[in-house]
Amino acid sequence: MHHPGGFAISADMEQPSGAAAAPSDVPPVNGCFLDRLLLIAAAHGLGGDREVLAHAHGIVGDGFCLRTVLAVADDLGLNACHARLSWRDLGVVAPALPALLIFRDGATAILDALEPARPAPGQGPDLARLRDEGDPAADPPRHLDLTEGDLALFWAGDVIVADAARR
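Residues numbered from 1 in each chain as written. Predicted model: local features only at pLDDT ≥ 70, side-chain atom pairs only at ≥ 80, totals over all residues. Heavy atoms only, no water.

### Overview of helix α4 (residues 66–75)
Item 1. For α4, the complete set of buried residues consists of Leu66, Thr68, Val69, Val72 and Ala73. Looking straight down α4, one finds its buried side chains confined to an arc of 165°; they lie on one side. Structural note: α4 exposes Arg67 and Asp74 on the side pointing more than 90 degrees away from its buried face.
Item 2. Looking at the buried side of α4, the elements it contacts are α2 (33–43), α3 (50–57), β1 (81–84), β2 (99–103) and β6 (155–161).
Item 3. A positive phi of about 85° marks Gly77, the residue just after α4. (Buried < 20%, exposed > 50% of the residue type's maximum accessible area, 1.4 Å probe, protein only. Helix = DSSP H or I, 4+ residues; strand = E, 2+ residues; numbered from the N terminus. Arc of directions from axis to C-beta. Contact = heavy atoms within 4.5 Å.)

### Examining empty space enclosed by the protein
Item 1. Enumeration over the complete set of coordinates arrives at one cavity of 30 Å³ or more.
Item 2. In this structure, the largest cavity spans a volume of roughly 30 Å³.
Item 3. Around the largest cavity, the lining residues are Leu37, Ile40, Leu78, Ala80, Pro98, Leu100, Ile160, Val161 and Ala162.
Item 4. Within the residue set of the lining of the largest cavity, elements represented by two or more residues are α2 and β6.
Item 5. Each residue belonging to the lining of the largest cavity can be placed in one class, and the counts come to nine nonpolar, no polar and no charged. (1 Å grid on protein atoms, 1.4 Å probe; cavity = no way out; pocket = protein on both sides within 12 Å on 5 of 7 lines; lining within 4 Å. Points joined across faces, edges and corners; volume = space filled by probe spheres on them. Nonpolar A, V, L, I, M, F, W, Y, C, P; charged D, E, K, R; others polar.)

If you want it as structure tokens, here you go:
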């Protein structure tokens, strides 16, 4: 699939079997995704009202489907898409960071950067830099640098990638 932001996400990257991840393959997502999408929108110069979005999409508690996550991203103007990537193909999202990672248990995190920033095609990054939300006042935000082995413990490859430039 070609993302409007100029990078390509091919079907063979989305799942080891070569088939695109079906929305039903993505675990139910925790409600914390809303706050993280608002932070991603802010990084793209966009804003949204948390209460209005929560009410419009029925976001109370946890257990939301991928369709809801993408609908909220759309309402924020992010023009987002879902992909299931392997570590070695994570570099394809580098031009569109920050992105939202969805973990196996439905928790989410913001992927702010990769190290190196743009890995060679088919070669995974050395580190994935996830936003550490422990100190929300930190400016710039603090990060957790994870290796492939670290991230593989809880991430199956699901990522929500924004293209706010195309609204």
